[in-house]
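Summary of structural features
Residues per chain are reported as follows:
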Amino acid sequence: MQTIPVETLPNAPGPSIRVGDSVIGEDAIAGEMQFHPSTDREAAAKAAARALVIQELLRQRAEILGIETGSLHEPDERAIAVMLDQELQVPPPDEEACVRFHAAHPERFCEPTRLKVRHILLAAAPDDLDARDEQFKKAEGLIETLKQHPKRFDEMAQRFSQCPSKDEGGSLGWITRGQTVSELDRALEPLPEGLHERPLPSRYGWHVVVIDARLERQPLPYTEVKDRVAHELTEQATRVALRHYLLALESEIGVEGFTLADDDVDGPLMR
């Protein structure tokens with residue numbers, strides 16, 4: 001079995017990597033790197049090597065158990081998931097642990113901030129710079145008019161908005177994060193009530209925005225989120241169990257040229 005010298009690996013994370021009797025070579029690591037994008041090539045190579053070591057440990061464990069999980073390059077994710085369910089056996093958290101976790105982390109279990117929004121969309125494609133400049137100036141003019149005549153918003157929405165909401169006076173109703181495009185979500189979230197003094201950009205154009213009301217995030221009582229709490233605790237316990245499981249496999253099967261002990265194995269096992 002060929003051993004590949006460390007200097008041939010692309011910014012190699014360590015010596016040639018051997019998992020049991022299998023060698024993870026330069027081509028495998030280079031091919032895997034595309035699934036681990038990073039501005040740092042060394043970090044990408046390390047992440048690729050980590051993923052391949054984990055996959056090979058799981059494949060060899062499955063082989064011992066008589067489970068077919070495909071190859072290193074084409075792993076059967078479903079078969080591996082079934083094997084892990086059988087092997088890890090993570091018990092569900094008890095009620096006392098769930099209540100304690102909820103009390104310690106109320107910020108994780110909140111009703112999201114809700115905004116009552118009206119807007120006027122002046123449409124312009126992202127790559128049409130002339131149109132965006134023209135629509136921005138028009139939006140600024142509408143804002144100046146609305147500062148003096150706020151009751152004209154419905155009229156202005158009907159006349160100028162290119163969103164279907166114009167038929168409702170520009171009203172979007174009550175919205176939460178995730179109900180608009182991401183760039184508008186981010187811009188809306190911190191706004192106070194009232195007419196915003198600047199047009200807000202999105203991929204669709206410029207938005208003249210009024211926040212009619214805000215309802216800030218509120219912690220939810222345990223009884224309303226007990227299933228979410230239990231799910232989060234189960235996920236945490238599963239990650240811990242998986243780490244110990246992989247470290248045990250590393251010790252049992254043997255890995256040379258890479259170690260999971262000093263690495264974060266709490267990540268996606270498959271690409």
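Residues numbered from 1 in each chain as written. Predicted model: local features only at pLDDT ≥ 70, side-chain atom pairs only at ≥ 80, totals over all residues. Heavy atoms only, no water.

The next thing to look at is the overall build of the protein. Looking only at helices and strands, the protein has eight helices and ten strands in total. For the protein, with 271 residues in total, the buried portion stands at 40%. A fraction of 62% describes how many contacts in the protein between residues 6 or more apart in sequence connect residues 24 or more apart. In the structure as shown, the protein presents an accessible area of about 15500 Å², 50% of it carried by carbon and sulfur atoms. (Helix = DSSP H or I, 4+ residues; strand = E, 2+ residues; numbered from the N terminus. Buried < 20%, exposed > 50% of the residue type's maximum accessible area, 1.4 Å probe, protein only. Contact = heavy atoms within 4.5 Å. Areas by Shrake-Rupley, 256 points an atom, 1.4 Å probe, with all protein chains shown as cover.)

Scanning the entire structure with this criterion turns up 16 salt bridges. Across the pair R152 and E155 runs a salt bridge, and its minimum N-O distance is 2.9 Å. Across the salt bridge formed by R203 and E183, the nearest N and O atoms sit 2.8 Å from each other. Remark: E183 occurs in helix α7 (residues 182-188) and R203 occurs in the loop between β7 (200-202) and β8 (205-215); sequence separation between them is 20 residues. Taken together, the shared-partner salt bridges in this structure form one network comprising E56, R59 and E63. (Salt bridge = Lys/Arg side-chain N within 4 Å of Asp/Glu carboxyl O.)

Remark: helix α5 (residues 129-148) packs on helix α6 (residues 153-160), axes separated minimally by 10 Å, with the N-to-C direction vectors making an angle of 160 degrees. Looking at the two axes, α5 sits roughly antiparallel to α6. In the crossing of α5 with α6, the sense of the turn from one axis to the other is right-handed. Mapping the contact onto sequence places L142, T145 and L146 in α5 and F153, M156 and F160 in α6. Split into classes, the residues belonging to the contact of α5 with α6 amount to five nonpolar, one polar and no charged. (Axes fitted to C-alpha atoms, helices over the stretch in contact; angles between N-to-C directions. Parallel < 35°, antiparallel > 145°, perpendicular 65-115°, else oblique. Left-handed = near helix turned anticlockwise from the far one by under 90°. Nonpolar A, V, L, I, M, F, W, Y, C, P; charged D, E, K, R; others polar.)

So, on to a negative patch on the surface. A surface patch of negative charge is lined by D127, D128, D130 and E134. Here D128 falls in the partly exposed class, since its relative accessible area comes to 34%. (Patch = residues over 30% accessible without salt bridge, like charges linked within 9 Å, V, L, I, M, F, W, Y side chains within 5 Å. Lys, Arg positive; Asp, Glu negative; His and termini not counted. Charge placed at Lys NZ, Arg CZ, Asp CG, Glu CD.)

This part takes up the nonpolar core. Ranked by size, the top nonpolar core spans 28 residues in total, and within it L58 and Y245 carry the most contacts. Those elements giving two or more residues to this core turn out to be β1 (17-19), α1 (26-32), α2 (41-65), α3 (77-88) and α8 (222-253). In terms of residue count, the dominant contributor to this core is α2 (ten residues). One finds L122, I143, A157 and W206 within the second-largest nonpolar core, a separate group that totals 13 residues. (Core = buried A, V, L, I, M, F, W, Y, C linked by side-chain atoms within 4.5 Å.)

Okay, unusual backbone geometry next. For Q89, which is not glycine, the phi dihedral falls at a positive 50 degrees. Mapped onto the elements of the fold, Q89 is located in the loop between α3 and α4 (95-104).

Below, the discussion takes up the confidence of the model for the protein. The predicted coordinates ought not to be read in detail in places where the model reports low pLDDT. Here the protein shows a mean pLDDT of 88. Residues at 70 or above account for 89%. Segment residues 1-14 is flagged for pLDDT under 50; beyond a separation of four residues in sequence, or across chains, it makes 34 contacts in the model. (pLDDT = per-residue confidence, 0-100.)

Residue position: L191 is located in the loop between α7 and β6 (194-195). When its relative accessible area of 8% is taken as the criterion, L191 is described as buried. Remark: the alpha-carbon pair of L191 and V210, spanning 19 residues in sequence, is separated by 9.3 Å. Ignoring anything within four residues of it in the chain, the contact list for L191 reads H196, L200, V209, I211 and R214.

Take the pairing of β8 next. Counting buried positions over the eleven residues of β8 gives nine, a clear majority of the element. Strand direction decides the pairing type here: strand β4 (residues 114-123) and β8, joined by ten bridges, are antiparallel. Along β8, the bridge assignment pairs I120 with V208. By the bridge criterion, two bridges tie β6 to β8 in an arrangement that is antiparallel. Counted as the bridge partner of G194 is I211 from β8. For β7 and β8, the ladder comprises three bridges, and the chain directions are antiparallel. In the strand pairing of β8, S202 is matched with G205. (Pairing = 2+ DSSP bridges.)

Each strand in a sheet pairs with its neighbour through backbone hydrogen bonds, running either in the same direction (parallel) or in the opposite one (antiparallel). Sheet architecture is open: three strands sit in the order β2-β1-β10, paired in antiparallel fashion. This sheet does not close on itself; its edge strands, each paired only once, are β2 (22-24) and β10 (255-256). In terms of strand pairing, β1 meets β10 through two bridges, oriented antiparallel. Its bridge partner being in β10, V19 is matched across the sheet by V255. Against the sheet, α2 makes contact with β1, β2 and β10, and its axis sits at roughly 20 degrees relative to β1, the strand it touches most.

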